[in-house]
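Each chain, letter by letter, is given below.
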Amino acid sequence: MNYPVWDIPFFGSGWVVGIIAIFHVMISHFAVGGGFYLILAEQKARREKREDWLEVLRGHSKFFLILTVVFGAVSGVGIWFSISLASPQSTSALIHNFVFGWAMEWCCFLVEIAAIIVYYATWDRIDAKTHMRIGWLYAITSWFTLAIINGILTFMLTPGKAWLAVAGSGREASEFWPALFNPTYWPSLVLRTLICFALAGVWALVTASRIDGFTKPALKAEVIRWSARWLLPSFFLVPVALGWYLYAIPESSRALLQLGIGTIGPGLFTQIARAALVTTMSSATILAVVYFLAWKNPKDFGLGHAVAVVFLALAATGATEHAREMIRKPYTVSQYMYSNGIRRSEVAHFNQAGFITNSAWTSPNTGELMFRGQCNSCHTLDGYRAVRQLLHGRDKSGIVKLLAMLHDVPVNSPYKNYMPPLVGTAGEIDSLADYLNKLVNPAGSAGGSDAAAQGKAVYEANACNACHGDGGAGGPIAPALLGIGTRMPADKLTDFLVKPSDKAIAGGMPAPKLSPEDMKALVAYLDSLK
């Protein structure tokens, strides 16, 4: 636990990364496919001497430049920023193991950015052949960027036996090429390339829909139908490429596809099944809308229709990327690093020496540190994958048994398919059990409901509610006490009540004069406040 924890209430850090990444994938894949669309459309227009097409392409290249360079670059930086906070260990591993890969990608990226800016700025300013050469330079370098990033992304699911054999030895760079061209590299590259071409057509429909269908009906019909054809390779070849990809992924990932994650996403369908359903239905709807509205009736195909297709493509993209992330569970780098940043090789060490023993980040609550370090990357308290909801109905002994099963995972346990093992000493795991029990059963964790009821009487008898409000809800001159038990363990809370801080005394808080029994009851009541 060498890094601080980025705690995002309700949504969780994973969804922050996911939302940014989905938008970035939608734009970055358009940046690749759209480059080929522009140059091939320009070649067609010049070959047929169609000035009206060239005028449309000038406008589309401006739209393309703004969307891919501005929004694409901003969302790309957003991904780096968010993954560095959400999963610093995984980010560090990818950077250190692919230094040469990132260097290649940045070289291609710089050429790509320069080329598209020059391409847009030199319409009608240089000769046609040179202009198209610049377009081809952009298209090719953007695809090479995809090819490199694809290798790093697929490495996370299938790093390969050669790289895993040297992982952690300091000789990882010696297996750079096998790691980059890993078992799922080629099927994934084919899939992503097909998606890039499809998204090129989807985004081109936005530009084509703005052509006036009354004054230029023939031009609008030609551009819309030519753009719609870019979706055809994807619809026919993606199922084949997907089958190839599923054949190449590890058996454990295929098993996870069949098992799903019913305990995390309760309901008729598992989360992966839902994602597949969203992808299939969105894609089918895109096909129907493009055929019946764009191809059959291009004159009346408006901007609203095109935007609807874009949002359907966004839904399909998001669901597909979500499913790809889910089949990698419980790892961020398969067989090497778990989703909470713990390396597989470190498990035995943490179980013996302790998870938080050498941590630079301290807290008076060991259980809270355990939760933040091992659970917080996937779970929130009350939002996405809420701990309180998942543990609802379990008493202290039930929580202890669950943690014991996560620590010493049985062979037949479904949890091992998508959850990292719980690491730490027996004392640390007991502290985590206490912390979780306080979250789920706040009254029971502090000595039972009787103690809490007695503490409420002490709270009111000493006029604590005059400042802190009834039920600790807060007042105009004192803060709320809701959830104080999760922030301050019972012993620290007792010490604070016996001897308040100078700041609290200055704010008007007295030190209550209570017997040991009343003090214990009051602490039990404060612990129970949620």
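Preceding this paragraph is the structure being described.
Residues numbered from 1 in each chain as written. Predicted model: local features only at pLDDT ≥ 70, side-chain atom pairs only at ≥ 80, totals over all residues. Heavy atoms only, no water.

### Notes on the overall build of the chain
Phase 1 of the analysis: Looking only at helices and strands, one finds 25 helices and 2 strands in the chain.
Phase 2 of the analysis: Across its three principal directions, the C-alpha atoms of the chain cover 95 × 55 × 45 Å.
Phase 3 of the analysis: Relative to its 530 residues, the chain shows a buried fraction of 48%.
Phase 4 of the analysis: In the chain, once contacts between residues fewer than 6 apart in sequence are set aside, the share between residues at least 24 apart is 73%.
Phase 5 of the analysis: With an accessible surface of roughly 25,500 Å², the chain has 65% of that area assigned to carbon and sulfur atoms.
Phase 6 of the analysis: On the chain, the mean spot of the 43 positive side-chain charges and the mean spot of the 35 negative ones are 8 Å from each other. (Helix = DSSP H or I, 4+ residues; strand = E, 2+ residues; numbered from the N terminus. Buried < 20%, exposed > 50% of the residue type's maximum accessible area, 1.4 Å probe, protein only. Contact = heavy atoms within 4.5 Å. Areas by Shrake-Rupley, 256 points an atom, 1.4 Å probe, with all protein chains shown as cover. Lys, Arg positive; Asp, Glu negative; His and termini not counted. Charge placed at Lys NZ, Arg CZ, Asp CG, Glu CD.)

### Side note on the environment of Gly 475
Phase 1 of the analysis: As for its position among the elements, Gly 475 is in the loop between α21 (465–468) and α22 (484–487).
Phase 2 of the analysis: It is 19 Å that separates the C-alpha atoms of Gly 475 and Leu 522, two residues lying 47 residues apart in sequence.
Phase 3 of the analysis: Sequence-distant contacts of Gly 475, that is, excluding residues within four places in its chain, are made with Cys 467 and His 468.

### What about the packing of aromatic side chains?
Phase 1 of the analysis: Applying the stated criterion across every chain yields a total of 34 aromatic pairs.
Phase 2 of the analysis: Between Trp 15 and Tyr 384, the aromatic rings sit 5.8 Å apart at their centres with planes inclined by 80 degrees, giving edge-to-face as the arrangement. Residue Trp 15 is located in helix α1 (residues 13–47), and its partner Tyr 384 is located in the loop between α15 (366–374) and α16 (387–390); the two are separated by 369 residues in the primary sequence.
Phase 3 of the analysis: Tyr 384 sits in the partly exposed class, given a relative accessible area of 23%.
Phase 4 of the analysis: Between Phe 371 and Tyr 435 the ring centres are 5.7 Å apart and the planes differ by 45 degrees, which places this aromatic pair in the tilted class. On the criterion of sequence distance, the pair formed by Phe 371 in helix α15 and Tyr 435 in helix α18 (residues 426–440) is long-range, its members being 64 residues apart.
Phase 5 of the analysis: For Phe 371, a relative accessible area of 3% translates into the label buried.
Phase 6 of the analysis: Overall, the relative accessible area of 5% leaves Tyr 435 in the buried class.
Phase 7 of the analysis: Ring pairing ties together the aromatic residues Phe 98, Phe 100, Phe 155, Trp 163, Phe 176, Trp 177, Phe 181, Tyr 185, Trp 186 and Tyr 336, which thus form one cluster.
Phase 8 of the analysis: Positioned above the aromatic ring of Trp 53, the side-chain terminus of Lys 44 is 5.3 Å from the ring centre. (Phe/Tyr/Trp six-rings, centres within 6.5 Å; stacked < 30°, edge-to-face > 60°. Lys NZ or Arg CZ within 6 Å of the ring centre and 35° of its normal.)

### Considering the pattern of salt bridges
Phase 1 of the analysis: Inspection of every chain in the model, using the stated rule, returns 15 salt bridges.
Phase 2 of the analysis: Where Glu 222 meets Arg 50, a salt bridge forms, and the shortest distance between an N and an O atom there is 2.7 Å. Taken as a pair, Glu 222 in helix α9 (residues 217–228) and Arg 50 in the loop between α1 and α2 (51–86) lie far apart in primary sequence, 172 residues in all.
Phase 3 of the analysis: The partly exposed category is assigned to Glu 222, whose relative accessible area is 33%.
Phase 4 of the analysis: Among the charged side chains, a network of salt bridges with common partners joins Arg 192, Glu 321, Arg 324, Glu 325 and Arg 328. (Salt bridge = Lys/Arg side-chain N within 4 Å of Asp/Glu carboxyl O.)

### Some words on the nonpolar core
Phase 1 of the analysis: Counting 51 residues, the largest nonpolar core has Met 26, Tyr 37, Leu 57, Ile 116, Trp 203, Val 223 and Val 290 as the members making the most contacts within it.
Phase 2 of the analysis: Counting residues per element, the ones that place at least two in this core are α1, α2, α4 (99–121), α5 (128–157), α8 (185–209), α9, α12 (271–295) and α13 (303–326).
Phase 3 of the analysis: If one sorts the elements of this core by residue count, α1 sits on top with 10 residues.
Phase 4 of the analysis: Leaving out residues up to four positions away in the same chain, Leu 57 has contacts with Tyr 37, Leu 38, Ala 41, Glu 42, Ala 45 and Trp 123.
Phase 5 of the analysis: Within the second largest apolar cluster, 38 residues are counted, among which are Phe 350, Met 370, Tyr 415 and Val 440. (Core = buried A, V, L, I, M, F, W, Y, C linked by side-chain atoms within 4.5 Å.)

### With respect to the side chain of Asn 97
Phase 1 of the analysis: Inspection of the secondary structure puts Asn 97 in helix α3 (residues 88–97).
Phase 2 of the analysis: When its relative accessible area of 14% is taken as the criterion, Asn 97 is described as buried.
Phase 3 of the analysis: Here the side chain of Asn 97 touches Ala 93 through a polar contact of 2.7 Å, landing on its backbone oxygen.
Phase 4 of the analysis: Setting aside chain neighbours within four positions, we find Asn 97 in contact with Trp 163, Glu 172 and Phe 176. (Polar contact = N/O pair within 3.5 Å; in protein donor to acceptor, adjacent residues only side chain to side chain.)

### Focus on the environment of Ser 75
Phase 1 of the analysis: Relative to the assigned elements, Ser 75 resides in helix α2.
Phase 2 of the analysis: A sequence separation of 378 residues divides Ser 75 from Ala 453, and the C-alpha atoms of the two residues are 52 Å apart.
Phase 3 of the analysis: Ignoring any residue separated from it by four or fewer positions in sequence, one finds Ser 75 in contact with Ile 20 and His 24.

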